[in-house]
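Each chain, written out:
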Amino acid sequence: STIFSYAKQERCFAGDNPASLVRLPAMNRKNVPPITAADVTRILKSMKYPEKEMTLIAILAGMTVAEICGLQWKRVNLTDKAVLNRDDESIPPKSIAVREEYLRGEMCSVTNSRKGDLQIPEHLIHMFLRLSHRTELIGPNDFVLVSRVGTPINQINILARRLKPIGKELQIPWLSWRGLRRLHKALLKEFGTQFH
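A brief look at the structure comes next.

Parameters at a glance
- Residues numbered from 1 in each chain as written.
- Predicted model: local features only at pLDDT ≥ 70, side-chain atom pairs only at ≥ 80, totals over all residues.
- Heavy atoms only, no water.
- 1 Å grid on protein atoms, 1.4 Å probe; cavity = no way out; pocket = protein on both sides within 12 Å on 5 of 7 lines; lining within 4 Å.
- Points joined across faces, edges and corners; volume = space filled by probe spheres on them.
- Nonpolar A, V, L, I, M, F, W, Y, C, P; charged D, E, K, R; others polar.
- Salt bridge = Lys/Arg side-chain N within 4 Å of Asp/Glu carboxyl O.
- Helix = DSSP H or I, 4+ residues; strand = E, 2+ residues; numbered from the N terminus.
- Buried < 20%, exposed > 50% of the residue type's maximum accessible area, 1.4 Å probe, protein only.
- Pairing = 2+ DSSP bridges.

What to know about empty space enclosed by the protein
- This model, assessed by the stated rule, comprises 1 cavity of 30 Å³ or more.
- Size it by volume and the largest cavity reaches roughly 40 Å³.
- Lining the largest cavity are Met63, Glu67, Gly70, Leu71, Gln72, Arg75, Ala97, Val98, Arg99 and Glu100.
- When its residues are assigned to classes, the lining of the largest cavity shows 4 nonpolar, 2 polar and 4 charged.

Brief notes about the pattern of salt bridges
- Under the counting rule described, the total for this entry stands at 9 salt bridges.
- The residue Asp39 makes a salt bridge to Arg42 at a minimum N-O spacing of 3.7 Å. Placement of the pair is Asp39 and Arg42 together in helix α2 (residues 37–45), with a separation of 3 residues, close to one helical turn.
- What makes Asp39 buried here is its relative accessible area of 13%.

Concerning the pairing of strand β5 (residues 100–103)
- Of the strand pairs in this sheet, β5 and strand β6 (residues 106–109) are connected by 4 bridges, and their pairing is antiparallel. Its bridge partner lying in β6, Glu101 is registered against Cys108.
- The turn joining β5 and β6, which pair antiparallel and follow one another in sequence, is formed by 2 residues; a positive phi near 50° is taken by Arg104.

Some words on the layout of surface pockets
- In this model, the largest pocket occupies a volume close to 510 Å³.
- Lining the largest pocket we find 20 residues, and of these Val65, Ala66, Gln155, Trp177 and Arg178 sit closest to its centre.
- Secondary-structure elements contributing two or more residues to the lining of the largest pocket are α4 (65–69), β5, α6 (155–169) and α7 (177–191).
- Top element by residues in the lining of the largest pocket is α7. It accounts for 5 residues.
- Split into classes, the residues belonging to the lining of the largest pocket amount to 10 nonpolar, 5 polar and 5 charged.
- Its volume calculated, the second largest pocket comes out at about 410 Å³.
- Residue lining of the second largest pocket: 15 residues in total, with Pro50, Val146, Ser147, Arg148 and Ile153 positioned closest to the centre.
- Considering only residue class, the lining of the second largest pocket consists of 7 nonpolar, 4 polar and 4 charged.

Re unusual backbone geometry
- The peptide bond linking Tyr49 to Pro50 adopts the cis configuration, its omega dihedral lying at 5°.
- With respect to the element layout, Pro50 can be found in the loop between α2 and α3 (51–61).
- Of note in the backbone geometry, Arg11 takes a positive phi value of approximately 65° without being a glycine.
- Position of Arg11 among the secondary structure elements: in the loop between α1 (2–9) and α2.

Fair warning: the whole summary comes from geometry, so function is off the table for now.
So, in structure tokens, the structure goes:
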């Protein structure tokens, strides 16, 4: 229908749009149950690096999985004072500057609506400090969560090889990165500022 409408607009087609008479079937969407806070306790017990850290960041900070995979140390400030990073960008105390994401194997800027500085919840500070004390791959341009060879974590690979098997084992087959992020929104709505 869209192709015929465009062709008509560009004067490459004349007459009625033949696709306009086609009746589309009703949308049948699956009602996926939400992941609950009780599920998270079981899920975290079955996880290890990096899916455990990815899950905690998604739930506690509300970052998308692409933002988590693309997070570099130069965008993380674990100190009590604002700092200037190598891009002359000021990052508030104990904050993450959300600027880029790692999507489909490429680093790209996040949309303007996603750009901003996120306060790091206290529970995540300890995790980030532990990660920052590893022996290598902690330079400003290195990724916070890295593969053994220093590349960003592949979210699709972790979903297929780690997250889905955990979900199946715990009888939560709908376990997904999106579902974990939805839990962040639900907890924020329910508890407000007391959430963290």
